[in-house]
Amino acid sequence: MNPRYTYILKGVSKIETDYKYLLYTTILALALTMLFTLIPVWQLVIIPGIVAGFFNKRLRYAILSGLAGVTLSWTLYMITALATRNTYAILDQVGTLMIGPGFGWLILLIVLIIGIFLGAFGGGLGYSLSILLKPYLVQRIRKIK
């Protein structure tokens, strides 16, 4: 039988399955981050990265999904805040106090970099937790059956 047709008959390959998990967990991280951004405790934004990392099969995809979900969510939130509220004026005042006049963009960039780090760290932490808890969960599932 031709290898092309066995690919079609077997369904989705492992690589495409990994990409499917990457897409789903990125959307999950994006949605959870949007919810946690509305809470005054912004540090909880690491939790969506952990959840996204927990459900991925590889470390690089776990980190990428946490990073992408949190960064996209914070970028959308900052664009909305810049368009609807007086956010850039406040960031410019904070930048003026810290560095000098005209550095509001730097504070905005620092906020996005913090989101990138929290998302990537959360994704790696979630993947590590899944590796740590995998034997325990498999044992519990076998006990239930």
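Residues numbered from 1 in each chain as written. Predicted model: local features only at pLDDT ≥ 70, side-chain atom pairs only at ≥ 80, totals over all residues. Heavy atoms only, no water.

### Details of helix α4 (residues 59-84)
Note the cut-off: Secondary structure is summarised from DSSP: a helix means a run of H or I of at least four residues, a strand means a run of E of at least two, and numbering begins at the N terminus for each. Every helix has an expected span of 1.5 Å times one less than the residues it contains. Using a 1.4 Å probe on the protein chains alone, a residue whose accessible area is under 20% of its type maximum counts as buried, one over 50% counts as exposed, and one in between counts as partly exposed.
Here α4 spans 37 Å end to end across 26 residues, near enough to the 38 Å set by a 1.5 Å rise per residue. Turning to α4, its buried residues number three or more, namely Y61, A62, S65, G66, G69, V70, T71, S73, W74, M78 and A81.

### Quick word on the environment of I27
Looking at the secondary structure, you find I27 in helix α2 (residues 14-37). The exposure class of I27 is partly exposed, given its relative accessible area of 49%. As for I27 and A68, which are separated by 41 residues in sequence, their C-alpha atoms are 9.0 Å apart.

### Quick notes on the nonpolar core
Test applied: By nonpolar core we mean a set of buried residues, namely Ala, Val, Leu, Ile, Met, Phe, Trp, Tyr and Cys, connected to one another through side-chain atoms within 4.5 Å. Whether two residues are in contact is decided by their heavy atoms, any of which lying within 4.5 Å being enough.
Judged by nonpolar contacts, V45, I46, V70, W74 and L118 together constitute the single largest core of 5 residues. Each residue touching I46, except ones within four places of it in the same chain, is listed here: L118, F121 and G122.

### Comments concerning the packing of aromatic side chains
Centre-to-centre distance and the angle between the planes together describe a pair of aromatic rings. We apply this condition: By convention, a stacked pair of Phe, Tyr or Trp rings (six-membered ring in the case of Trp) has centres within 6.5 Å and planes under 30 degrees apart, an edge-to-face pair has planes over 60 apart, and any other such pair is tilted.
What the rule picks out here adds up to 4 aromatic pairs. Judged by centre distance (6.2 Å) and plane angle (65°), the rings of W42 and W74 are edge-to-face. With W42 in the loop between α2 and α3 (46-54) and W74 in helix α4, the pair connects residues that are 32 residues apart, well separated along the chain. Among the residues examined, W74 registers a relative accessible area of 9% and is labelled buried.

### Things to note about helix α5 (residues 87-98)
Since the α-helix packs 3.6 residues into each turn, any two residues three or four apart lie on the same face. Put simply, the rule reads: Note that the arc is defined by the directions from the helix axis to the C-beta atoms.
For α5, built from 12 residues, the straight-helix expectation of 16 Å at 1.5 Å per residue is met to within 8% by its first-to-last C-alpha distance of 17 Å. Taken together, the buried positions of α5 are occupied by T87, L91 and G95. Buried residues in α5, looked at end-on, bunch into an arc of 65°, giving them a common side. Exposed residues on α5 whose side chains face more than 90 degrees from its buried face are Q93 and L97. Elements in contact with the buried residues of α5: α4 and α6 (104-144).

Any functional reading would require information that these geometric values do not contain.
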